[in-house]
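Here is how the chains run, residue by residue.
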Amino acid sequence: MKRRHFISAGAALLTLPLAPSALLAQAVPAPIEYKPGLLTEHLRAGETVFLDFKADWCTTCAAQSRVMDKLKAENPAYLENVTFMKIDWDTYGRSQMAGRMRIPRRSTLVVLKGDDELGRLVADTREEKIRALMDTALAAATAG
């Protein structure tokens, strides 16, 4: 009988490391999926938009997403004030919009407000750099 309890307790402990990441994935809503015209619509509405040019197969993009999800979970003000938009690189990487913005590659993060680009990171996965860019977006969104 005691052996059964020990095995059950051990099995339950093995699931604990997965719990925080599962909760994080549930707590952070997915960004808006880009469609032509959508970016203009959000910028004209006065929103601060955080663009994430990414590809599902890109490991750098996945690393950036993990950092951004962590930061969003730690500070709900990001989600409350900034519009996060995912732009699929395979679909829109060669679009006029990406060309006009001079987006060099997937794993590019850009913050826009109105007609202004407030900041950008290219292929950077460092938490402090991504946090600084997200803080720039938050400051612009809450100014005034």
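Refer to the structure printed above.
Residues numbered from 1 in each chain as written. Predicted model: local features only at pLDDT ≥ 70, side-chain atom pairs only at ≥ 80, totals over all residues. Heavy atoms only, no water.

### What to know about the overall build of the protein chain
No. 1: Counting secondary structure elements, the protein chain contains eight helices and five strands.
No. 2: Each helix and strand of the protein chain, ordered N terminal to C terminal, gives the series α-α-β-α-β-α-α-β-α-α-β-β-α.
No. 3: Classification of the 144 residues of the protein chain by burial places 38% in the buried group.
No. 4: Put simply, of all contacts in the protein chain between residues at least 6 apart along the chain, 70% involve residues at least 24 apart.
No. 5: For the protein chain, the accessible surface area stands at approximately 8800 Å², while carbon and sulfur atoms represent 56% of it. (Helix = DSSP H or I, 4+ residues; strand = E, 2+ residues; numbered from the N terminus. Buried < 20%, exposed > 50% of the residue type's maximum accessible area, 1.4 Å probe, protein only. Contact = heavy atoms within 4.5 Å. Areas by Shrake-Rupley, 256 points an atom, 1.4 Å probe, with all protein chains shown as cover.)

### Focus: the layout of surface pockets
No. 1: Roughly 280 Å³ of internal volume is contained in the largest pocket.
No. 2: Taken together, 16 residues make up the lining of the largest pocket; nearest its centre are Leu39, Thr40, Met97, Arg100 and Met101.
No. 3: Of all the elements in the fold, those that place two or more residues in the lining of the largest pocket are α3 (38–44), α7 (96–100) and β5 (116–122).
No. 4: Of the residues assigned to the lining of the largest pocket, the class counts are seven nonpolar, five polar and four charged.
No. 5: A volume near 180 Å³ is recorded for the second largest pocket.
No. 6: Lining the second largest pocket are 16 residues, and of these Pro31, Lys54, Ser65, Asp69 and Lys72 sit closest to its centre. (1 Å grid on protein atoms, 1.4 Å probe; cavity = no way out; pocket = protein on both sides within 12 Å on 5 of 7 lines; lining within 4 Å. Points joined across faces, edges and corners; volume = space filled by probe spheres on them. Nonpolar A, V, L, I, M, F, W, Y, C, P; charged D, E, K, R; others polar.)

### Quick notes on unusual backbone geometry
No. 1: Even without glycine at this site, Ser107 takes up a positive phi of about 65 degrees.
No. 2: Considering the arrangement of structural elements, one finds Ser107 in the loop between α7 and β4 (108–113).
No. 3: Look at Ala123: it is not a glycine, yet its phi comes out positive at around 60 degrees.
No. 4: The topology assignment puts Ala123 in the loop between β5 and α8 (127–142).

### Topic: the packing of aromatic side chains
No. 1: With the rule as written, the count across this model stands at two aromatic pairs.
No. 2: Aromatic pair Tyr34 and Tyr92: ring centres 4.8 Å apart, planes at 85 degrees, arrangement edge-to-face. Of this pair, Tyr34 sits in the loop between β1 (32–33) and α3 while Tyr92 sits in helix α6 (residues 89–92); the two residues are 58 residues apart in sequence, bridging distant segments of the chain.
No. 3: Of the residues examined, Tyr34 reaches a relative accessible area of 9% and is grouped as buried.
No. 4: Both rings, one in Phe50 and one in Phe84, keep their centres 5.1 Å apart while their planes meet at 40 degrees; by these two values the pair is tilted. With Phe50 in strand β2 (residues 48–54) and Phe84 in strand β3 (residues 82–88), this residue pair connects regions lying 34 residues apart in the sequence. The pair formed by Phe50 and Phe84 is uniform in burial state, with each residue classed as buried.
No. 5: The positively charged end of Lys72 is found above the aromatic ring belonging to Phe84, 4.1 Å away from the centroid. (Phe/Tyr/Trp six-rings, centres within 6.5 Å; stacked < 30°, edge-to-face > 60°. Lys NZ or Arg CZ within 6 Å of the ring centre and 35° of its normal.)

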